[in-house]
Amino acid sequence: GVASDLGRMFALFPILKKRARQKAGTLSGGEQQMLAIARALMSRPKMLLLDEPTNHLDMESIASLEDALQNYKGTVIFVSHDKSFVSNIAQSIFEISEEGLKKFSGDYEEFLENFGTDYLNRLVVKKQKIEKADKGADDGTKGSGKGGNQYELRKEKKSMRTKLLTSTKKLEAG
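Residues numbered from 1 in each chain as written. Predicted model: local features only at pLDDT ≥ 70, side-chain atom pairs only at ≥ 80, totals over all residues. Heavy atoms only, no water.

(A) Region of the structure containing the overall build of the protein chain. Scanning the protein chain for helices and strands turns up seven helices and five strands. Start at the N end of the protein chain and walk to the C end: the helices and strands fall as α-α-α-β-α-β-α-β-β-α-α-β. The buried share among the 174 residues of the protein chain stands at 38%. Partitioning the contacts of the protein chain with sequence separation of at least 6, the portion at a separation of at least 24 is 56%. Summing over all exposed atoms, the protein chain offers an accessible surface of approximately 11,000 Å²; the carbon and sulfur share of this is 55%. (Helix = DSSP H or I, 4+ residues; strand = E, 2+ residues; numbered from the N terminus. Buried < 20%, exposed > 50% of the residue type's maximum accessible area, 1.4 Å probe, protein only. Contact = heavy atoms within 4.5 Å. Areas by Shrake-Rupley, 256 points an atom, 1.4 Å probe, with all protein chains shown as cover.)

Here's what the structure looks like:
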């Protein structure tokens, strides 16, 4: 019932109990994030799709979320740049890059052990290209203005910022 759902929500994110009488729109960004995640978990879906679930959450709330997801009986697909969260939750990693989709079965630490050097080297090279293009744009040299490669490099920079690291938790039989 509603009382047991509220009890589970307050157990997951205790700070929400203090804010129970407030309108959702008056909650902080982190509290709104907690409420949205708690509502999703209470509906007991077979699959959760989470975009940056740790954004705006404090350390205690992130730990509570990790506990909840580790005990969740469905599939979780999430995008996160929080390496600690990914390490604690992910059982499979999907890297989406210019080369396509790369699946790795294992946690984030194992992913880095297997692909880390290649992955990190690609990011460093991209970052250097972008910084060089940005410097060129600042001093008016090659790469700036129409006809240069500034547009493509800025697109690449935006792509890096929105890099997807998607992880899944396999559906448990139950």
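(B) Expanded view of the environment of L35. Considering the arrangement of structural elements, one finds L35 in helix α3 (residues 29-42). In this structure the C-alpha to C-alpha distance between L35 and M9, which are 26 residues apart in sequence, comes to 8.1 Å. Excluding residues within four positions of it along the chain, L35 makes contact with M9, L16, A24 and L27.

(C) View of helix α4 (residues 59-71). Compared with an ideal rise of 1.5 Å per residue, which puts 13 residues at 18 Å, α4 spans 19 Å between its outermost C-alpha atoms and is within 8% of the ideal. Looking at α4, one finds that the buried residues are S61, I62, S64, L65, E66, A68 and L69. (Expected span 1.5 Å × (residues − 1).)

(D) Structural view of unusual backbone geometry. Positive phi, normally seen in glycine, also occurs at E52, with a value near 50°. Within the secondary structure, E52 is located in the loop between β1 (47-51) and α4. The backbone of H56 shows a phi angle near 70°, a positive value even though the residue is not glycine. Among the secondary structure elements, H56 is positioned in the loop between β1 and α4. For H56, a relative accessible area of 62% puts it in the exposed group.

(E) Fine view of α3. Spanning 14 residues, α3 covers 20 Å between terminal C-alpha atoms, matching the ideal 20 Å at 1.5 Å per step. Of all the residues in α3, the buried ones are G30, E31, Q33, M34, I37, A38, L41 and M42. Down the axis of α3, the buried set is contained in an arc of 160°. They therefore lie on one face. The first or second residue beyond α3 is R44, which carries a positive phi of 50°. (Arc of directions from axis to C-beta.)

(F) Representation of the confidence of the model for the protein chain in the model. This prediction gives the protein chain a mean pLDDT of 75; 73% of its residues lie at or above 70. Per-element averaging of pLDDT across the protein chain places strand β5 (residues 165-169) at the bottom with 37 and β1 at the top with 93. Confidence drops under pLDDT 50 across residues 142-148; counting only partners more than four residues distant or on other chains, this segment forms seven contacts. Ignoring residues within four places in sequence, the model shows residues 160-174, a span with pLDDT below 50, making 59 contacts including any to other chains. (pLDDT = per-residue confidence, 0-100.)

(G) Summary view of the pairing of β1. Here β1 shows one buried face, formed by L48 and L50, and one open face, formed by M47, L49 and D51. In this sheet, strand β2 (residues 75-79) lies alongside β1 in parallel orientation, the contact comprising five bridges. Within β2, the position partnered with D51 by the bridge is V79. Read from β1 through α4 to β2, the crossover connection turns out right-handed. (Pairing = 2+ DSSP bridges. Right-handed = clockwise from strand over helix to strand, strands pointing away.)

(H) Main features of the packing of aromatic side chains. On inspection of all chains with the given rule, the structure shows three aromatic pairs. Taking 6.2 Å as the distance between ring centres and 20° as the angle between the ring planes, the aromatic pair formed by Y108 and F111 counts as stacked. Of the two residues, Y108 and F111 are both situated in helix α6 (residues 108-139); the distance of three residues between them amounts to about one turn of the helix. On the basis of relative accessibility, which here comes to 4%, the residue Y108 falls in the buried class. Members of the aromatic cluster, connected to one another through ring pairs, are F104, Y108 and F111. (Phe/Tyr/Trp six-rings, centres within 6.5 Å; stacked < 30°, edge-to-face > 60°.)

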